[in-house]
Amino acid sequence: MTSDDSFGRLNDDDYPAYTMGRAAELLGTTPGFLRALGEHRLITPLRSEGGHRRYSRYQLRIAARAREIVDQGTPIEAACRIVILEDQLEEAQRINAEHRRAASRNAANI
C-alpha cells in the first residue's frame, strides 16, 4: 500500500483510525465507557496487530449517541438497546423508501 492509499482511508467512515484513548478523548468519556459499549455489543472495535482496540468514525458516532442517552440518566444497557433499535428502524425506513421508489417506477412503466 502506498502512502497515498493510506491517506485515502482517512475519509473512510469504517476505517479504524482511532485508538481507544483518542476515541474516549473525542467523545469526552472514559475508555471504560467504550469497553462497556463493546460488552453490550453496541460496537465491536477492530484490533491492531498489537491487540489494541481501534475505532472508526462510524463507531464513534454510535458511541456518541449512546453517551447522549446515558447522560440523560438511562442505564448503559438500555442506551445500547435504544441505539440498536434506532439503527434498525433507520435501515428499515431506508429499505421501505427503496421499495416505494421501485414500485412507483414499475407502476409508471405499466
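Computed from a predicted structure; not experimentally measured.

**Points about the pattern of salt bridges**
Under the counting rule described, the total for this entry stands at eight salt bridges. Between D13 and R57 there is a salt bridge; the shortest N-O distance is 3.1 Å. Here the residue D13 occupies a position in the loop between α1 (3-8) and β1 (18-19), and R57 occupies one in helix α4 (residues 57-71), the gap between them amounting to 44 residues. A relative accessible area of 28% places D13 in the partly exposed class. We classify R57 as partly exposed; its relative accessible area is 27%. Taking the shortest distance from any N to any O, the salt bridge between R65 and E86 comes out at 2.7 Å. On the criterion of sequence distance, the pair formed by R65 in helix α4 and E86 in helix α5 (residues 76-109) is long-range, its members being 21 residues apart. Residues joined by salt bridges that share partners form a network here, namely D13, R57 and R61.

**Focus: α5**
Its 34 residues place the ends of α5 50 Å apart at the C-alpha level, agreeing with the 50 Å of an ideal helix rising 1.5 Å per residue. Looking only at α5, the buried set comprises I76, A79, C80 and V83. Packed against the buried residues of α5 are α3 (31-39) and α4.

**Let's talk about the sheet that holds strand β3 (residues 53-55)**
Strand order across the open sheet formed by three strands is β1-β3-β2, with antiparallel pairing between neighbours. In the strand order of this sheet, the two ends are held by β1 and β2 (46-47), each with one partner. Across two bridges, β2 lies against β3 in antiparallel orientation. Residue pairing in the sheet places R47 in a bridge with R53 of β3.

**Considerations on the side chain of Q59**
Along the chain, the position of Q59 falls in helix α4. Not counting residues up to four positions away in its chain, the partners in contact with Q59 are I43, T44, P45 and R54.

**Digging into unusual backbone geometry**
You will see that R41, though not glycine, has its phi angle at about 60°, which is positive. R41 sits in the exposed class, given a relative accessible area of 70%.

**Description of the side chain of S56**
One can find S56 in the loop between β3 and α4. Relative accessible area serves as the criterion here: at 3%, S56 is assigned to the buried category.

**Points about the nonpolar core**
Core analysis: the largest hydrophobic core is formed by 20 residues, its most contacted members being L34, L37, L42, I43 and Y55. Those elements that place two or more of their residues in this core are α2 (20-27), α3, α4 and α5. Tallying contributions element by element places α4 first for this core, with five residues.

Scoring rules and cut-offs
- Residues numbered from 1 in each chain as written.
- Predicted model: local features only at pLDDT ≥ 70, side-chain atom pairs only at ≥ 80, totals over all residues.
- Heavy atoms only, no water.
- Salt bridge = Lys/Arg side-chain N within 4 Å of Asp/Glu carboxyl O.
- Helix = DSSP H or I, 4+ residues; strand = E, 2+ residues; numbered from the N terminus.
- Buried < 20%, exposed > 50% of the residue type's maximum accessible area, 1.4 Å probe, protein only.
- Expected span 1.5 Å × (residues − 1).
- Contact = heavy atoms within 4.5 Å.
- Pairing = 2+ DSSP bridges.
- Core = buried A, V, L, I, M, F, W, Y, C linked by side-chain atoms within 4.5 Å.

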